[in-house]
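Okay, here's what each chain looks like letter by letter:
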Amino acid sequence: MSLWLIIGIPLLFLLGLFMNAIKDMKRLEKQLPKYKEKIRKIPEDEDKTKGH
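Thresholds, definitions, all that
- Residues numbered from 1 in each chain as written.
- Predicted model: local features only at pLDDT ≥ 70, side-chain atom pairs only at ≥ 80, totals over all residues.
- Heavy atoms only, no water.
- Helix = DSSP H or I, 4+ residues; strand = E, 2+ residues; numbered from the N terminus.
- Buried < 20%, exposed > 50% of the residue type's maximum accessible area, 1.4 Å probe, protein only.
- Areas by Shrake-Rupley, 256 points an atom, 1.4 Å probe, with all protein chains shown as cover.
- Expected span 1.5 Å × (residues − 1).
- Bend = angle between axes of the 7 residues up to and from the residue.
- Salt bridge = Lys/Arg side-chain N within 4 Å of Asp/Glu carboxyl O.

Participant: Please set out the overall build of the protein residue by residue, giving values where relevant.
Facilitator: Looking only at helices and strands, one finds two helices and zero strands in the protein. Here the protein, with 52 residues, has 0% of them falling under the buried criterion. Counting only carbon and sulfur atoms, one obtains 68% of the accessible surface of the protein, whose full area is about 5,600 Å².

Structure, rendered in structure tokens:
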């Protein structure tokens with residue numbers, strides 16, 4: 001019985017994390033189109049110079 005608790009509780013915790021992440025992703029997908037025009041485009045040459 002205690003073995004099932006040792007295995008089951010962390011698995012339920014991980015399952016809850018994954019379900020919460022999926023729910024947040026779906027919520028973000030609905031909200032992102034509103035903010036798409038506010039995102040600033042970075043020119044490609046500017047992006048390469050910041051990495052070095």
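Participant: Could you give me a rundown of helix α1 (residues 2-35), with the residues and numbers involved?
Facilitator: Counted at 1.5 Å a residue, the expected span for α1 with its 34 residues is 50 Å, and the 49 Å between its end C-alpha atoms agrees. Of all the bends in α1, the greatest, near 30 degrees, is centred on Glu-29, and the proline Pro-33 appears no more than four residues after it. Judged by how many residues are buried, α1 sits mostly at the surface: zero of 34 residues are covered.

Participant: Explain the pattern of salt bridges to me, using residue names and the numbers behind them.
Facilitator: Overall, the coordinates contain one salt bridge when judged by the stated rule. For Asp-24, the salt bridge identified is with Arg-27, shortest N-O distance 3.7 Å. In this pair, Asp-24 and Arg-27 both sit in helix α1, three residues apart, roughly one turn of the helix. Arg-27 sits in the partly exposed class, given a relative accessible area of 43%.

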